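Chain by chain, the residues:
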Amino acid sequence: MSATSAKKKAGMGETVATIFKDHVVYRKQIIKLAGSDLRRTYRASALGWAWRSSSRS
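Residues numbered from 1 in each chain as written. Predicted model: local features only at pLDDT ≥ 70, side-chain atom pairs only at ≥ 80, totals over all residues. Heavy atoms only, no water.

Participant: Sorry, what's going on with the overall build of the chain here?
Facilitator: Per the secondary structure count, the chain includes three helices and zero strands. Along its sequence from the N terminus, the chain presents helices and strands in the succession α-α-α. Buried residues in the chain amount to 4% of all 57 residues. A total accessible area of about 5,400 Å² is found for the chain, and carbon and sulfur atoms account for 64% of it. (Helix = DSSP H or I, 4+ residues; strand = E, 2+ residues; numbered from the N terminus. Buried < 20%, exposed > 50% of the residue type's maximum accessible area, 1.4 Å probe, protein only. Areas by Shrake-Rupley, 256 points an atom, 1.4 Å probe, with all protein chains shown as cover.)

Participant: Sorry, what's going on with the pattern of salt bridges here?
Facilitator: Once their charged atoms are close, side chains differing in charge can pair, the charge on each being opposite to the other. Under the defined criterion, the tally for this structure stands at one salt bridge. Across the pair Arg 40 and Asp 37 runs a salt bridge, and its minimum N-O distance is 3.2 Å. Placement of both Arg 40 and Asp 37 in helix H2 (residues 27-42) is noted, with a separation of three residues, approximately one turn of the helix. A relative accessible area of 56% means that Arg 40 is categorised as exposed. (Salt bridge = Lys/Arg side-chain N within 4 Å of Asp/Glu carboxyl O.)

Participant: Teacher, can you tell me more about a nonpolar patch on the surface here?
Facilitator: Taken together, Val 25, Tyr 26 and Ile 30 make up a surface patch of nonpolar side chains, about 300 Å² in accessible area. Here Ile 30 is to be found in helix H2. Relative accessible area serves as the criterion here: at 40%, Ile 30 is assigned to the partly exposed category. (Patch = residues over 30% accessible without salt bridge, like charges linked within 9 Å, V, L, I, M, F, W, Y side chains within 5 Å.)

Interpretation note: all reported values are geometric properties and have no functional meaning in isolation.
In structure tokens form, the structure reads like this:
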């Protein structure tokens with residue numbers, strides 16, 4: 001393995017670590033966005049009443 005390819009792997013590992021750290025930091029926001037997306041998707045479905053009542057509690 002050359003020094004260049006070893007350097008690329010280290011850089012890629014650092015990038016993955018940075019992405020993971022960002023997800024940990026922003027997990028509340030990610031969960032809130034995912035929840036709002038689910039509510040928006042299923043609001044008019046047959047189970048929409050269950051989503052609305054659970055979000056009020």
